[in-house]
Each structure stands twice: as C-alpha cells, then as structure tokens.
Amino acid sequence: MNFKRAYSWLVVILVLGGSLLWQGLGSSRGTLIETDIMALLPRDRQNPVAQAAMDRVLGGLERKVLFVIEAEDKDQAVRAAEDLVGGLKQMELFSSVSGRIDSNQQKSWSDLYYPKRFQLLTPEQRERLRHTPEAQVERVQMQLYSPFSGVTGRELQNNPFLLFREFLSGLTSQSGAFTLIDGFPGKSDEEKSYLLITAEAADSAYGARGANQLPALLELEQQIRERYAVELYHTGVLCYAAEGIKSAQREISTIGIGSLIGVLVLLIIVYRSLLPIGLSLLSIGCGLLAAFVVTVWIFGRVHLFSLVFGASLIGISIDYAFHYLTHRLAAGSSWHSGTGLKAIFSAITMGLITSVMGYAGLLAAPFPGLQQLAVFSTVGLAGAYATVVCWYPVLAAKPGTNSGLPWAAPMNGWIVFWSNRSVRIALPLLVLGLAIPGLFRAEFNDDIRQLQALSPDLKAQEKVVQQVMGIQNGQHMLLVTGDDEQAVLERLHETGLRLNELIQNEILGGFHSLEPYAPSERIQRDNFELVQSLYLKQGHQLKQTLGLSETPSMATDFSPLTLASFLASPAAEPLRFLWLGKLDDTEKVGSVILLNGVKNAAPLNALAAQNPDLHFLDKASEISALFSVYRVRITYLLLLATLSIWILLALRYGVAKGTRMVLPPILAGLFSISIAGLSGAPMNLFNLLALAIVLGIGIDYTLFFGELRERSGQALLSTQLSISLSAATTLLSFGLLALSETAAIHCFGMTVLVGIFISWLLAPLAMTLEKRS
Amino acid sequence: MRGSRSWIFMFSMLIAFPMSGSGKPIESLVELQRTLSAHTVIRGSFKQTRTLELFDQPLVSEGRFLLSEPHGLQWLQTHPFSVTLILGKDQLSQQFGEQPAQVMQADENPMMFYFSGLFLSIFRGETEGLAEQFNVEFFPPVKEEKYWTLKLTPEQGPLKTAFKTIRLQGREYIDTIRLEETSGDISVIQFSHQSNHPASLTEAERSSFEF
C-alpha cells in the first residue's frame, strides 16, 4: 500500500476542489460556462483585419431581433404593435426597441441634408446635369404643373431646379420600400398590413440570457396574437442561438443522466456491492472535477459543447475502475490490493497514453472548441486514472464480499470461439469485406450550413420577415478599407458602381452602402460644380420657361457634409454600424457594404481580388473551406497516429502481436466510414475526429488482452468482462450522442457508436493463443 | 365602432331618402362618400390655376381627365404644353409632348408616390383614408347654393408644414379642389363637363393604363 501516493493525490484533489470553489465564487455560474457557438469556430488567421471587421458588424447584426405583425386590419396591426413594443421594452433581454418613428426622426433627414442640398446628387442626376442639363428645366416645368407631384411654392423658391426631392427620394428607395403606417415602418397591400419592429439584445446573441428569457418572449407573442387576432413572426440570430443552447442543455442532461444510470445498473449487476459503486462514482467525480478546473484555467471558460462531450466522458473514465474492480471481483478472497494494481497497471497506463494520443488529433485542429474538448477529455481521463492508481489500493484493500464473475459462461464461450484460428482470420476478413462496398460510397461535404440543424418553424418565420423586408439573408459583405476616411468613401463609391453592374446582371439582389448618404468631399465638390453650372447656364432658361419673376440663384460657398456630422445625426442611426472607423491593429479605416441575395460568389471574389483594399467576407464559405483543409489535415494526422501506435506496439510486443493489436481499431474505423457511406450521409470533419476517439479507445481494448501475462482462463474472463463493461458504457454514452439534434454531435456519436462496437467485437484478436500442445 | 355606426346611419338614410337621386343635395359625409364612389368612370375637363408668390402671373393649365376605378387617373394636359400623366395603382407614367414616357414604380419611389396617392384619395373623395392624415370637416350646401364643401386640415408631419387646408367643393361630382399652402400660395383645380357615359372604358383607354 502506498499511502504517500494516496495523500499526494488527495492534496491535488483538494487543491482542485478549492480552485473550483474559487472559480465559482470569482464569477457567477453563468459566465464560467460559454454558450457562444461562435467561440467554437476558428479565427481567420489569414486576414485579421477582415475578421475584426466581420466580428464587429456581425456582433451588431446578431443582436437584432426583427418582428413582423401581419393583420388584415391596419388599426388592429397598429394596436398590436404598440402593445408588443411596450412588452418588449419591459424585458431585460432587450436594450433598445424601435417601434414608432416620431416626426423628429423623420425631420432629422431633411435637417441633415437641407443645408447641403446644392452638393448632393443621385448618380442619375449627375449624368443628367453633365450631359443634358436642359432636360432638368423640362422636368421642373412638368412637376410644377402636375397635380400629383406636390411641389409647393416654397419648395420651388428654396430649390428652383427641384434636385433635392429627387436626391431624398433616391435615398429612401435605397433603404427599402417602407412606408410609415401610423408611424410604424411597414408595408401594406390590398389584403394585409405588415408592421416591422426591431429590438436589440442587451448581450451577445449567444449569451445564456437569450435562452433563459425566450419562454417569456414567446409568451408575450402568444398573448398579442390572441388579444388582437394578428399574426406575429420573429427572426434573428438570437432566436436560433437560444434554440441551440436549449437543445444543448437538454442533451447534456439526457446524455449525462443516461450514461450515469447505465453505469450504475452495470455496477450493481456485476459487483453486487456498495463499495465498487462508491469507488466508480469517486473516479468519475475526480475526473470531471479535474477536467472542469483545468479547462477553466487554460481557456477561462468551459464551452457547453465540451460539457456535452464531457458528459460522455463518464462512460470512458469508468474503464480504469472497471479493470481494477473486475480484477478484485475475480480474485475473490485471495485479493491483495497492491499486486492487484500491479496486474493492471501497465495496461491502464498504456491505455491512458494511447487515449491521449487519440485526443491529440483534436488538438491539431485550430478550432478552439475542439482544443478545449481535447484538454477536457485528456485531463478528465488522467484524473480518473490517478484516482484508480492512487486511491483504489487504499480504499479497496479488503477483498470484496462477493466473488465470482457474472456471465462467466457467455464470456468463456466468446473466448473459446476466438481461440479458434479460423475465426481469428475469418471474422476480421468478414468485417473488412462488409466494409468495402460502403467505403467506395463514402462522400465528404464540408459545407457548414449542412451541420446547422435549424428549426423549421424559425426558418418559416424568417422567410416571412425577409419577404416583408425585401431582403435575403446571408452573411455576405464587402469590407472596404483605405488610408483615411476620404479614401474609403471614394472606394465605396467605385465599388457601388461595380455592384450596380452585378445587380444588372442579376448576380446580386442589392446592397447597403454608406456612400450615397455621405459622399466623399471630391464628389460633393463635383456635384456642387455641376449644380453651379446648371444655375449659370439654365437659370435664365428656367425663368423664361416658367415665368419666374427673378432668375434663380444659389449659395456660392461650399462646405462639405462631413462623415462625422452624418454619423452624429439621429437619421444615421440604422446605418451607423456600416462605418467601422479605424481598424484595430492597422493604420487603416474601414466600412462595410452589406450584400443581399448573392447568387454567385465568384464575381464578388474576383472583384475583391483586384484590389487589396477590398475584401469579400463570406463567413459560412470560409468556415466550410477551413473544414475542408482540416479534414484533409486530420486524415493525415490520423494515419500518422495509427502508424506511431503500431510502431510503439511493435516495439513492445513484437511485429505480429503489435499488428494484431492495432488491426481491430483500424477495421472498426473502416467499418464506421463504410456505414456512413451506405447511409448516404456525407462525412465531415466531425466523423474524422470521432475516428480519433475510436482509435484511442479501441487500442485500450486490445491492450488489455495484449498485456495479459498469465494466460489463465480466469484472467481472460476478467479482461473480457471489463472490456465488455467499458464498451457497454461507452456505447451507452456515445449512443446517446448520436441522438443529438446538433448534426456535428450526431455525426460524431454515430461514428463512435459503430467504431466502438466493432473494436469490442474484434478485441480478442489481440490475445495470445496458448501454444498448441 | 365606426363601421357599425356608419352602417346604421346609411340604413336610416335609405329609409329617409329612398329616391335619393342626382337632383337632391348631399347632406352628410356618408352620403358624399356614396355619391362620389357611385361612378366607376368619370371623364371631364380641368383647369388648374396656381397663384404662387414667385410668379408675376398665375400658372394656368388646361386639359382633360379620366378617373377610373380601379385603374387610376389620367391627366391629359393640353395647355400651355402637352403632358400625359397616368397614375396607376403603383406606378406613374409621365410623358412630355412626344418624348418617351418616364415610368416610376411606387416601391422604388415611395416618397414621390406619397403625394400622388394622397391626391388620388382626394380626387375619389375617400374620406375614410383621408381621416388618417387630415381633420375632415363636412359642410352641407347652404340654402340655394347646392354646393357641399369638404375641408381637410393636415394633422401632422410634412403635410402640415406644406399645406394649411385642402378644400373640395361640388355637387354630384367634385367641381373644385383648392389647396392653400402655409406660405400663402394657392392652387385651384376646377372641373367641368364631368360625365360618366360611357360607364366603361374604351379599349384604347383601358390599354393606356397598362404600362
């Protein structure tokens, strides 16, 4: 008995326990657990500028939740909207709610632009003034006489060429075809009225608060639907994120409770005694404690995703305990805890090493989530291992009261079956043969959009909202950078011209740029000169044609509308997020153009490729491309890991035995790829990551057979039993992962499920047959 | 509430004036609404006089018009220059002389359409819709005059800054629209020779609304 070792581990566990308390006290529970799905994704290291820009813009957009009220009766819609705005304002979830636009806000547009009206022109107006300025006189004449135009005497006096109304109208048409319905932005047709309400979340869209307050929001919506007999739709990243977090939380408890119950049932059936149950729970607990504390140390927070996988760690970390306890059970009254540990020590140590090698594959991917997962799992396993090695000999010093292995007959039968030389050749060949057809059908698809299991109800609501708003979603945007503000505005202008061509060619649906609202100084000066020349050359003509009492004149001094004054105006509120200002870690300033309805990304990529100050941002495609790169990389890593394990085993056990030990997990991996191929589901990065786990755990099983020194029937039986028990718990926990609604976790679970089963099936291949006598 | 009351009102009107024909003076807003919407097609002549401070002389224009439910309004100005304006449900076509027509879509130009839509509502006497933006007052004919007056006072927004009042006068049809701007400028449109025969559009008229 080694008390020193036991006390050392006790000190470690106490320190870890203390750390957990400290971490828990230091921050509220909510902040220790990361729920932001984006935190799992890799940072774009090729282009930090673009990444920073994207994060800022998306961060703002993702906080927005859009509501649409649909009603046949306009007044009813307005009353429902008023009530909804009131309700939303009361919720802590939202920091601001924009409903009715007051007349001050409407007026702020003309306040901003009116003093600068001689230097603001639409692109069409610029063309007209440049080439056919005389046409403007005709237009004024026509509008003045037209009863539909609403030109008043005062307007004509302030703006004799009526250029300003056209400019303002051009801006409104750019910002979407909304009219104000009793002050609410919206739309109406013959049958129905639609009102739009926007709310902004106080925290990140992925925060836990969104998920917690979602029920209250849904209840508010239901009340309004019933009270006013209207339809109400909502959309926003927050809604999707809240759903994702809810389902992850549900899965953690399902998988955690499921595997815990499974473990307990197995323990009760096999050991029929309280001590082993207590010991098992102790090693699981110590493992989880170490995993959680160390992960928080390294990463600051534990991601919900890690916890989902961590829950399945319960099923793996129990393995070491199984080996120890089964050995004790088999030894019966002849049990000596020190020698008992010795008997399994090298096997479980090798097991830990190979598992860690398997998880190291996860560390290779630059996905923070996966790295965390690797650390979480490795530390968890090490914790469980240390508990077995340090404490079990002390705590389980006495022989157990029950002895004798259960299910001895089937276990024995299985071993006898595997002792048959032809079975040892035929069964692996059969598995390989079954795997081959599926292997050729295996396909890869790295598109991240395939992995998002979006709720159909939310999808349908999003569609309605988008139809009303006249936009298509998609996180496509162009980042435009430059050395200073004016350079960026100029570039925005040029880019706008190019984008208009793409709209003409139906490659693009539309775009939102800041430039028409605050043109560069050069363009304003240009416009000013065009307008000046119009007054000079056509002023007299206008007087003649209309019969004005005086020749029209305009202000002669030019002072540009500055970007700063535009951004400061309340009118700019909905557009302000497009301007990024100085970009972190660079000398550049930047602005983004939001793109709608991108039908083909290639021309946009080509456009961006022509200019180093233009970046086309397409988050989903970028991540998909990264997935593809790392899928290939992990494939090589996996092959490398298999080879290293093979060499390691060959050095220790000889080539022939080493090969027999490494073959079951390899065949298991091939078989799970084949199953994926036959099921028709394309594989992705997550399937490969699962293969790393299959390799790590599968090697464990063969190791215990390989490590057996004494080839007594009893030792074989106890090994087979502990392997079967651990396979059962692993299947239980990963089988539950396969039920996950999150496609990534589901793929992972399915691969592990199939792989572990085959690994268990073929594991006895590693046992050394007794010499024929 | 509003709907049911006007229905009751209308019902009582039907009992009181079962023979309410074109000769009878219009006594209420409801009756006005009913009279103005009775004809789906109205043709006639117009004369617009705009008296603006900027001009020594009033701006006078003349021509013909065609109002059709549900197509819209045609405004065929012949004097002092020739212009064809066709205001459809959600588009406006303007043709200056023989030049090609310029067409504007409502959803691309919501601001431009705001006033034209409003004008169409005024022209049709759609008091329900106008009540959203104006304070609507109805003055029945006084003594032998036989003219009713509808006075619209803008309640809010850009309309209120531009217009003091808009007055409509008429008998069976609207005869005058008078727009008084806050600046003191006044525009008057007078209608004459209004007729609802033939009651349906000719093929040429119908096709002119399709653009």
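Residues numbered from 1 in each chain as written. Chains lettered and ligands numbered in written order. Predicted model: local features only at pLDDT ≥ 70, side-chain atom pairs only at ≥ 80, totals over all residues. Heavy atoms only, no water.

Side note on the pattern of salt bridges
Stated formally: We define a salt bridge as a contact between a side-chain nitrogen of Lys or Arg and a carboxyl oxygen of Asp or Glu at a distance within 4 Å.
Scanning all chains against the criterion turns up 20 salt bridges over all chains. Linked by salt bridges that have partners in common, A:Arg126, A:Glu127, A:Arg130 and A:Asp526 make up one network.

Notes on the packing of helix H24 (residues 655-679) of chain A against helix H25 (residues 685-707) of chain A
Residue and element names in this part refer to chain A. For the record, the criterion: Only the stretch in contact is used when fitting a helix axis, every axis being a line fitted to C-alpha atoms; angles between N-to-C directions are given from 0 to 180 degrees. Where helices and strands are cited, they refer to DSSP runs of H or I of at least four residues and of E of at least two residues respectively, numbered from the N terminus. In this scheme the handedness of a crossing depends on how the near helix is turned from the far one: anticlockwise by less than a right angle means left-handed, clockwise means right-handed. Here a residue-residue contact requires only that any non-hydrogen atoms of the pair lie within 4.5 Å. Each residue is assigned to one class: nonpolar for Ala, Val, Leu, Ile, Met, Phe, Trp, Tyr, Cys and Pro, charged for Asp, Glu, Lys and Arg, and polar for all the others, Gly among them.
Following both chains from N to C, one finds H24 and H25 inclined at 145 degrees, their axes separated by 9 Å at the closest point. For H24 against H25, the interelement crossing comes out right-handed. Of H25, the residues touching H24 (which contributes Lys657, Met661, Val662, Pro664, Pro665, Ala668, Gly669, Ser672 and Ile673) are Leu691, Val694, Leu695, Gly698, Ile699, Thr702, Leu703 and Gly706. Residues belonging to the contact of H24 with H25 are distributed by class as follows: eleven nonpolar, five polar and one charged.

Considering the interface of chain B and chain A
What counts here: Each of two parts loses accessible area, computed with a 1.4 Å probe, when they are put together; buried area is these two losses added. As used in this structure description, the phrase polar contact means that two N or O atoms lie within 3.5 Å; if the pair is within protein, one of them must be able to donate a hydrogen and the other to accept it, and residues adjacent in sequence are counted only when both atoms belong to side chains.
Opposite the 43 residues of chain B that make contact, chain A presents 33 residues. Approximately 3200 Å² of surface area, both sides summed, lies buried where chain B meets chain A, with 62% of it carried by carbon and sulfur atoms. Across the chain B-chain A interface, the total number found is zero salt bridges. If you look at where chain B meets chain A, you find eight residue pairs in polar contact (both at pLDDT 80 or more). Counting residues per element, the ones that place at least two in the side of chain B that touches chain A are strand E1 (41-51), strand E2 (59-68), strand E3 (72-79), strand E4 (83-87), strand E5 (91-96), helix H3 (110-124) and helix H5 (157-162) of chain B. Per-element accounting of the side of chain B that touches chain A gives the leading share, six residues, to H3(B).

Brief notes about the sheet that holds E4(B)
Hydrogen bonds between backbone atoms are what pair the strands of a sheet, whose relative direction is either parallel or antiparallel. All names here are of chain B. We count it as follows: At least two DSSP bridges between two strands are needed for those strands to be called paired.
Taking strand neighbours across the sheet as the criterion, the eleven strands line up as E6-E5-E4-E3-E2-E1-E11-E10-E9-E8-E7 in an open arrangement whose pairing is antiparallel. The open sheet terminates on both sides in strands that have one partner only, identified here as strand E6 (102-105) and strand E7 (134-139). Taking each pair of neighbouring strands and ignoring which way they run, the sheet shows an average axis angle of 15 degrees. Inspection of the sheet shows strand E10 (residues 174-181) paired to strand E11 (residues 186-195) by five bridges, in the antiparallel sense. When the sheet's bridge partners are listed, Leu179 is paired in E11 with Ser187. Each of E7, strand E8 (148-154) and E10 touches helix H2 (residues 29-36); the most contacted strand, E8, lies at about 100 degrees to it.

Quick look at unusual backbone geometry
Stated formally: Only protein chains enter the calculation, and the probe is 1.4 Å; a residue is then buried if its accessible area is under 20% of its type maximum, exposed if over 50%, and partly exposed in between.
With an omega dihedral of 5 degrees, the bond running from B:His79 to B:Pro80 counts as a cis peptide bond. Mapped onto the elements of the fold, B:Pro80 is located in the loop between E3 and E4. Positive phi, close to 50 degrees, is recorded for A:Arg272, a residue that is not glycine. Looking at where A:Arg272 falls in the secondary structure, it is placed in the loop between helix H11 (237-271) and helix H12 (274-299). Here A:Arg272 falls in the partly exposed class, since its relative accessible area comes to 42%.

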